[in-house]
Amino acid sequence: MAGHTEELSNPGLKNNTLLHIQSLLPSFTKSEQKVASIVLQQTDSVIYSSVIDLAEKAGVGETTVLRFCRKIGFRGYQEFKLALAQELVAPVKNLHGEVGEDDSLETMAQKVTATNQQAIADTAALFDPEQVERCVELLQQADTIHFYGVGTSAVTAQDAKYAFLRIGLRVDAMSESHLQAMAAATLGPGDVAVGLSVSGSTKDTIDSLKVAKEAGATIICITHYRRSPITNVADITLLTAAQEGPLQGGSLAAKIAQLHVLDVICTTIALRNKEKALTYKERTAKAVLERKY
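Residues numbered from 1 in each chain as written. Predicted model: local features only at pLDDT ≥ 70, side-chain atom pairs only at ≥ 80, totals over all residues. Heavy atoms only, no water.

Draft legend 1. Spotlight on the overall build of the protein. Secondary structure summary: the protein contains 14 helices and five strands in total. Pairs at least 24 apart in sequence give 70% of the contacts found in the protein among residues at least 6 apart. (Helix = DSSP H or I, 4+ residues; strand = E, 2+ residues; numbered from the N terminus. Contact = heavy atoms within 4.5 Å.)

Draft legend 2. Focus on the pairing of strand β2 (residues 171-174). When strand β1 (residues 145-148) meets β2, the two strands line up parallel, connected through four bridges. Residue pairing across strands places H146 opposite D172, the latter belonging to β2. Crossover connection from β1 via helix α9 (residues 152-165) to parallel β2: handedness right-handed. (Pairing = 2+ DSSP bridges. Right-handed = clockwise from strand over helix to strand, strands pointing away.)

Draft legend 3. Structural detail: the pairing of β1. Burial of β1 is two-sided: the residues I145 and F147 facing one way and the residues H146 and Y148 facing the other way are all buried. As paired elements, β1 and strand β3 (residues 192-196) share four bridges and run parallel to each other. Pairing of F147 across the sheet is with V194, part of β3. (Buried < 20%, exposed > 50% of the residue type's maximum accessible area, 1.4 Å probe, protein only.)

Draft legend 4. Examining the pattern of salt bridges more closely. Within this structure, the stated rule accounts for nine salt bridges. The closest approach of N and O atoms between E79 and R75, which form a salt bridge, is 3.3 Å. We classify E79 as partly exposed; its relative accessible area is 22%. Among the salt bridges present, the one from D207 reaches K203, with a minimum N-O distance of 2.8 Å. Remark: K203 and D207 occur in helix α11 (residues 203-214); sequence separation between them is four residues, near one turn of the helix. Classification of D207 as partly exposed rests on a relative accessible area of 30%. For K203, a relative accessible area of 58% corresponds to the exposed category. (Salt bridge = Lys/Arg side-chain N within 4 Å of Asp/Glu carboxyl O.)

Keep in mind that these numbers describe shape and distance, not what the molecule does.
What follows is the structure, encoded as structure tokens:
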């Protein structure tokens, strides 16, 4: 996997180089990760650096820098630097800074708000219309749809179940690993399993998707990392921009990014099937009407 040259299925990603690098981090070699780290942390200076300068800063050879550029979809170092320079004019990275313990409540609120807003904006920048279109077509035609996720992604899976159920799709969501695996085994051709994992490395979710795939179902994954274990199982990959560190599981920004992708898909399906969606929205609303004061 490390030697693979990344082909950009979404040309727009060349205008979002930093996001693209972040999504590919797990697939880089150790030497390439050193280059990625310098690029992400010292972007302002990298655009003025020669290939030799960047190689020295990262402590790697020039060939590693060139290989890194090709892996993220550029023909060479100069094309890569040009894309970075254009990005700095209209930056896609989060510039508001980290929340500090000395920040006032108002400042903290502003920074958290900016983080969540940026998660949606960056996720939109990573959208691949062709992949989203494929998802819409598959889901609206599916006999059965399953959403799999654990932890915070399990909550997102439940949210997705409610949203798609309201527009008339046959959908369920599972978070317990044994139930996921058993449910996945009942799927077949014409069914779709959607795996939610920010890291793309959640073992229970990936194992359930493998069971569903072996049973004949089509697999969709929603993840932050373009090349991670979950994408090896998936037929279609949709990217979210918000990422989580090892001590950051359950970040709201990551969940918001997942929900944004699902909302776009759900809204598109509802609009393309207006009469059916409206009928089921009315039915589901009436079903719970007496449960409200």
